[in-house]
Structure formats: C-alpha cells, structure tokens
Amino acid sequence: MSEIFEGYERQYCELSASLSRKCTAALAVDGEQKKQKISEIRAGLEDADSLIRKMDMEARNLQPNVKAVLLAKLREYKSDLNNLKTEVKRMGSGNLNASARDELLEAGMANSLTASADQRLRLMTTTEKLNQSGDRIKDSRRTMLETEELGVSILQDLHQQRQSLLHAHNTLHGVDDNIGKSKRVLTAMSRRLNKNKWIIAAIVAVLVVVIGLILYFKLK
C-alpha cells in the first residue's frame, strides 16, 4: 500500500474523530458558542474534503488490485463525511426541538465513541504496518551491509589476484629475457661450430692436396 495514502488516511481519521467530538460539543451549547463551534466544524469539513480528494488521486495512480481496495475504503470515508455534513446542516438550521436535540446529542456521543474506536483501530493497524515496514527496512539495510562487506572482500581478493598475476607476469617476462639471451648464446655457438667445421674441412683439404703432391713427386 502507498505510504502517501496511509499518511492522508491517518490525518483523515484523526480529523474525523475530532469533528465528531466537536459536533457533540456543539449540541450542548447555544448562541455564539454554538456558531463558533459550527464554524470550526465547517472549516474542518473542508480540510476533510481536501484529504478525501488527495486520497482519491493517490489511489487512482496505484495498481488495479490495490486501487480497488483503497477506493472501497474511500467510499466508507465519504459516507462518514456526508453524515457529518448532514449533521452540521441540521445543527446550523436552528429548528431543532428539545427531543431532536437530545436525539442528535445521543447520536453525536455514539458517533464520537465509534469514531474514536475506529480511529484507534486504524492507528493501531497503521502503526503495525509501519513497524513491519521498519523491520523490512532494517532487514534490507542489514542485507545491504552484508552485501557491501562481501563486495569489499571480493575486491580485496581480486586485488590480491591482480598482484599475483602481475608478479607472475614479471616472472614470465624475466624468463622470456633469459630464454632470449640463451637463444642468442646458442646461436653464436652454432655459428662458431659451423665456422670451425669449415676451417677444419679446409685444413683437411689442404693436407690432402699436400700429401697428394708429395706422393706424386716421390713416385715420379
């Protein structure tokens, strides 16, 4: 349910109970005091109308299943408000006889008691919902803190892994350098071996030629 609607509803319930008590009090007085109280009640009825309109606008902007429930409650509030308006009109007409006045006084007292009981019930329900919402907020906050701690732990692990990877990369880079140096040394050695082979082959060829010449001249 919308928290905005609940706020308007709480204000309306308090105002409705207050207006019921004022109606009861107005029935017990006469003259200027009665006019003053009726004036106060009419001002309160305007505020109640305003709250009803705000609740109606808020309810119509909600999801269909929630809207249906809230509009049903609004119909009850509108009916209560219309009853109050009717009672105020009868009080302001000035044509009440003693019997009708006593009847309205008794009805007003009954309505005041009923409104107070309904108000307490609604406030208790609203308070319970607010407590439940507070518990959900606390649970959400605790979950958020746990998630934050988990995130920090993951970031620390990732940082350590990054350091390990950088160290491994540096180590591999050093190994690559050593392999490159070894490769250059082996290449140089291979070139020297090839060079020595050619030198030995040339020496052997010269010796063969010299021996051949010596044998040739001796046999001749």
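Structure: above.
Small disclaimer: the values here were computed from a predicted structure and weren't measured.

### Re the overall build of the protein
Piece 1. Helix and strand counts for the protein stand at 4 helices and 0 strands.
Piece 2. Looking at the 220 residues of the protein, the share that counts as buried comes to 21%.
Piece 3. Long-range pairs, those at least 24 residues apart, make up 77% of the contacts in the protein between residues at least 6 apart in sequence.
Piece 4. About 16300 Å² of surface is accessible on the protein, with carbon and sulfur atoms providing 58% of the total.

### Some details on the side chain of D56
Piece 1. Residue position: D56 is located in helix α2 (residues 31-60).
Piece 2. For D56, a relative accessible area of 15% gives the class buried.
Piece 3. Ignoring sequence-local partners within four residues, the contact set of D56 consists of L71, L74 and K78.

### Some thoughts on the packing of helix α1 (residues 3-27) against α2
Piece 1. Across the interface, α1 lies against α2 with an axial gap of 9 Å and an inter-helix angle of 160°. Viewed along their axes, α1 and α2 adopt a mutual orientation that is roughly antiparallel. Read as a crossing pair, α1 and α2 show a hand that is left-handed.
Piece 2. A class-by-class count of the residues in the contact of α1 with α2 yields 16 nonpolar, 2 polar and 8 charged.

### Considering the environment of E3
Piece 1. Considering the arrangement of structural elements, one finds E3 in helix α1.
Piece 2. Taking the C-alpha atoms as reference points, E3 and E58, 55 residues apart in sequence, are found 10.0 Å from one another.

The rules behind these values
- Residues numbered from 1 in each chain as written.
- Predicted model: local features only at pLDDT ≥ 70, side-chain atom pairs only at ≥ 80, totals over all residues.
- Heavy atoms only, no water.
- Helix = DSSP H or I, 4+ residues; strand = E, 2+ residues; numbered from the N terminus.
- Buried < 20%, exposed > 50% of the residue type's maximum accessible area, 1.4 Å probe, protein only.
- Contact = heavy atoms within 4.5 Å.
- Areas by Shrake-Rupley, 256 points an atom, 1.4 Å probe, with all protein chains shown as cover.
- Axes fitted to C-alpha atoms, helices over the stretch in contact; angles between N-to-C directions.
- Parallel < 35°, antiparallel > 145°, perpendicular 65-115°, else oblique.
- Left-handed = near helix turned anticlockwise from the far one by under 90°.
- Nonpolar A, V, L, I, M, F, W, Y, C, P; charged D, E, K, R; others polar.

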